[in-house]
Amino acid sequence: MTRRAIITGAADTAVGEVPGSTCMGLHAEAASLALADAGLKPSDIDGVLCAYSFTEPHLMLASVFCEYFGIQPAYSAAIHAGGATGCVMAMQAAALVEAGVCRHVLVVAGDNRLSGLSRDKAVAALAEVGHPQFERPFGVTIPALYGLVAQAYMHEYGATPEHLAAMAVNSRTHAARNPKAQMRKPITVADVLASRFISEPLRLLDCCLISDGGAAIVVSAADAARDTAKRPVALLGAGQKNTHEHLVAAPSLTEFGCRDSAAQAFGRAGVTAADIDVAEIYDSFTITLLVELESIGFFQKGEAGPAALAGALDLGGRLPCNTHGGLMSYAHSGAAGGLFHVVEAVRQLRGEAEARQVRDAELAFVHGDGGILSAHCSLVLGRQ
Amino acid sequence: MTDKLLPIPNADTRAFWEGCAQGELRLQRCRACRNAQFPPRALCAACHAPSPVWEKASGRGRIVSHTRVHRPPSPAFKADVPYVVALVTLEEGPRIMVNLRGAAADAPRIGDAVRIGFDPPAGPDNIALPHAVAVAAP
């Protein structure tokens, strides 16, 4: 059997509004931090995976990064899978080291979306995900597309605005324990329900943040991981599923590919959802997290909202989830947003999460989704 | 004010937009498996047979989801806020996205019957965007 890839380094930069930051500067800082975390030198890296950028877009972002950082790895590529990119990069890095192509793969993303773009420009850039002929002419935004999912899901499974709000409150509860988080002031369900509508039924506090920030991990071959600094975290299983890109062409408005991507990851890791100690799940909107918690099988349909209201996603609950504060309260800076979830899972499994530590966390689940619940990637990570 | 971005027809979609300009909603149907599809493509996405044929659709369907947009994607939509975007499943099976107009936009519900209409043609490509209006209960 192939020996599982090991995550040997994980780090992120300051997040939120980072004055003076640039896209490539955030990449380089995150990369340096992750290498230091692993106890490796830049010259140890023989593979690089990058994502995409809004503020410094380029056809070949991995080449741009390697030139900027000053390395010439044997392998490099950029991956575009929207919010799934962080998990997809981790899955691809594991495949590269397990196949013997690379020994140490640096996975890095970052963007200064908050300071480098106006809010209007960020909203407009994101709206370009919609179909140019059959969605965008009708004035859709990303929140509008997720609002359509929310309306359909609430109709079919009885989720309520309070259930959605519970997801945002949970993120903020965790973020309050995380000194790095962009938004730490506690909120209540009533606060979420009193915030203004963005696209019904989604309100401002149902939506993720726009942030500056970068994140990186180092994925190493099992035999190469011996020389690194920290307690190893194995990538035990990964899975993917794409069912559509545009919502107008989605096979269903209430059943998405996260179910199959998670089933693959659990199967490859030889575990089930019930074995997971801590989950870091993509939460671009409250509805995103609610759908994923139920489709993946952590909760039955209609149960995630009531469970979250009762504290199931908090420390000590049935499934501590998004312990760093997630995209709604920690930060969301493009592809780095999904990598923050991976970095947090590694910190939890190493016992480095300080005030937000899940006690004796041995197995973590990480999930990313891109588009409108279009592209999914799931990871199961385990303490070695 | 910035103009709204209008679709630019291509070889896959030209017949659809020509239909809209004539007040006719068109869908593709596969010659091999008879699947009706939208958005238009050069092949059938169900059985992958080439060259599906165009046919006139009923223009009748039901709302399967809706959202009232308060924060527009660009300044071009600011004057319309709030407006309703809906997904409508047509009688023929495919789903399309439209804005709801008139009484249909007041308090839309999933399952409401609607009929597709068209905005006046605009722009260099004579684009008549489809919209949906309420159908009185039978």
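Predicted, not measured: the structure shown is a model, and the values here were computed from it. (Residues numbered from 1 in each chain as written. Chains lettered and ligands numbered in written order. Predicted model: local features only at pLDDT ≥ 70, side-chain atom pairs only at ≥ 80, totals over all residues.)

**What about the overall build of chain A?**
Reasoning step 1: Helix and strand counts for chain A come out as twelve helices and eleven strands.
Reasoning step 2: Its C-alpha atoms give chain A a radius of gyration of 19 Å, within 12% of the compact-globule value 21 Å for 384 residues.
Reasoning step 3: Counting only C-alpha atoms and orienting by the principal axes, one finds that chain A spans roughly 55 × 40 × 40 Å.
Reasoning step 4: In chain A, which comprises 384 residues, the proportion classed as buried is 64%.
Reasoning step 5: A sequence separation of at least 24 residues applies to 78% of the contacts in chain A between residues at least 6 apart. (Helix = DSSP H or I, 4+ residues; strand = E, 2+ residues; numbered from the N terminus. Rg over C-alpha atoms; globule rule 2.2 N^0.38 Å. Buried ≥ 20, exposed ≤ 12 C-beta atoms within 10 Å, placed from the backbone. Contact = placed C-beta atoms within 7 Å.)

**Quick notes on the overall build of chain B**
Reasoning step 1: Secondary structure summary: chain B contains one helix and eight strands in total.
Reasoning step 2: When the helices and strands of chain B are listed from N to C terminus, the series reads α-β-β-β-β-β-β-β-β.
Reasoning step 3: Computed over its C-alpha atoms, the radius of gyration of chain B comes to 16 Å, within 12% of the 14 Å expected for a compact globule of 138 residues.
Reasoning step 4: Taken along its principal axes, the extent of the C-alpha atoms in chain B is 45 × 40 × 25 Å.
Reasoning step 5: Within chain B, the proportion of its 138 residues that are buried is 36%.

**Some remarks on the sheet that holds strand 3 (residues 53-56) of chain B**
Residue and element names in this part refer to chain B.
Reasoning step 1: Spatially, the three strands line up as an open sheet ordered 2-1-3, and their pairing is antiparallel. Across the chains shown, the open sheet's two edge strands, defined by having one partner strand only, are strand 2 (36-37) and strand 3.
Reasoning step 2: In this structure, strand 1 (residues 26-29) lies alongside strand 3, joined through four bridges in antiparallel fashion. Residue pairing in the sheet places Arg29 in a bridge with Val53 of strand 3. (Pairing = 2+ DSSP bridges.)

**Looking at the UniProt feature "domain: Thiolase N-terminal" (unreviewed entry) in chain A**
Reasoning step 1: Mapped onto the present numbering, the UniProt feature "domain: Thiolase N-terminal" (unreviewed entry) falls on residues 6-221 of chain A.
Reasoning step 2: For residues 6-221 of chain A, the end-to-end C-alpha separation is 6 Å, with 39% helix and 18% strand making up the annotated structure. (UniProt positions renumbered as here; feature names shortened; annotations may be inferred.)

**So, the interface of chain A and chain B**
Reasoning step 1: Tallying the contact residues gives 29 residues for chain A and 29 residues for chain B.
Reasoning step 2: Mapped by element, the contributors of at least two residues to the side of chain A that touches chain B are helix 4 (119-127), helix 5 (142-157) and strand 5 (197-199) of chain A.
Reasoning step 3: Residue contributions to the side of chain A that touches chain B peak at seven residues, all from helix 5 of chain A.
Reasoning step 4: Grouping the constituent residues of the side of chain A that touches chain B by class yields 17 nonpolar, eight polar and four charged. (Nonpolar A, V, L, I, M, F, W, Y, C, P; charged D, E, K, R; others polar.)

**Regarding helix 12 (residues 335-350) of chain A**
All names here are of chain A.
Reasoning step 1: Across its 16 residues, helix 12 extends 23 Å between first and last C-alpha, which sits within 8% of the 22 Å expected from 1.5 Å per residue.
Reasoning step 2: Across the 16 residues of helix 12, 15 count as buried, placing the element largely inside the fold.
Reasoning step 3: Gly351, located one to two residues past helix 12, shows a positive phi value of around 75°. (Expected span 1.5 Å × (residues − 1).)

**Some remarks on the packing of helix 6 (residues 161-175) of chain A against helix 9 (residues 286-296) of chain A**
Residue and element names in this part refer to chain A.
Reasoning step 1: Relative to each other, helix 6 and helix 9 sit at 100°, their axes nearing to 8 Å. When the interaxial angle is binned, helix 6 and helix 9 end up roughly perpendicular. Residue-level inspection shows His163, Leu164, Ala165, Met167 and Ala168 of helix 6 in contact with helix 9, the latter providing Thr286, Ile287, Leu289 and Leu290.
Reasoning step 2: Residue composition of the contact of helix 6 with helix 9, by class: seven nonpolar, two polar and no charged. (Axes fitted to C-alpha atoms, helices over the stretch in contact; angles between N-to-C directions. Parallel < 35°, antiparallel > 145°, perpendicular 65-115°, else oblique.)

**Regarding the confidence of the model for chain B**
Reasoning step 1: Mean pLDDT over chain B works out to 95, with 97% of the residues at or above the 70 mark.
Reasoning step 2: Here the complex is predicted with pTM 0.97, and the ipTM for its interfaces comes to 0.97. (pLDDT = per-residue confidence, 0-100.)

**A short note on the UniProt feature "domain: Thiolase C-terminal" (unreviewed entry) in chain A**
Reasoning step 1: The feature "domain: Thiolase C-terminal" (unreviewed entry), as annotated in UniProt, sits at residues 239-383 of chain A in this numbering.
Reasoning step 2: Annotation note: span residues 239-383 of chain A, helix share 34%, strand share 17%, distance between end C-alpha atoms 19 Å.

**Structural notes on the sheet that holds strand 9 (residues 278-281) of chain A**
Residues and elements named next belong to chain A.
Reasoning step 1: The nine strands lie next to each other as 3-2-4-7-1-8-11-10-9, forming an open sheet whose pairing is mixed. Each edge of the sheet is formed by a strand with only one pairing partner; in this case those strands are strand 3 (75-78) and strand 9. Strand after strand, the sheet turns through a mean of 20° between neighbouring axes, direction not considered.
Reasoning step 2: As paired elements, strand 2 (residues 47-50) and strand 3 share four bridges and run parallel to each other. In the strand pairing of strand 3, Leu49 is matched with Ala77.

**Digging into unusual backbone geometry**
Most peptide bonds take the trans form, and the phi angle of most residues other than glycine is negative.
Reasoning step 1: Omega for the bond connecting A:Glu200 with A:Pro201 falls within 30 degrees of zero, at 5°, which places this linkage in the cis form.
Reasoning step 2: Mapped onto the fold, A:Pro201 is located in the loop between strand 5 and strand 6 (202-203).
Reasoning step 3: Cis geometry marks the peptide bond from B:Phe38 to B:Pro39; its omega dihedral reads -5°.
Reasoning step 4: Position of B:Pro39 relative to the elements: it lies in the loop between strand 2 and strand 3.

**Focus on the packing of helix 5 of chain A against helix 9 of chain A**
Residues and elements named next belong to chain A.
Reasoning step 1: Between helix 5 and helix 9, the shortest axis-to-axis distance is 9 Å and the interhelical angle comes to 50°. The angle between the axes of helix 5 and helix 9 places the two elements in the oblique class. Our pair here, helix 5 against helix 9, has a crossing hand that is left-handed. For the pair formed by helix 5 and helix 9, the contact residues are Tyr146, Val149, Ala150 and Tyr153 on the first element and Ile287, Thr288 and Val291 on the second. (Left-handed = near helix turned anticlockwise from the far one by under 90°.)

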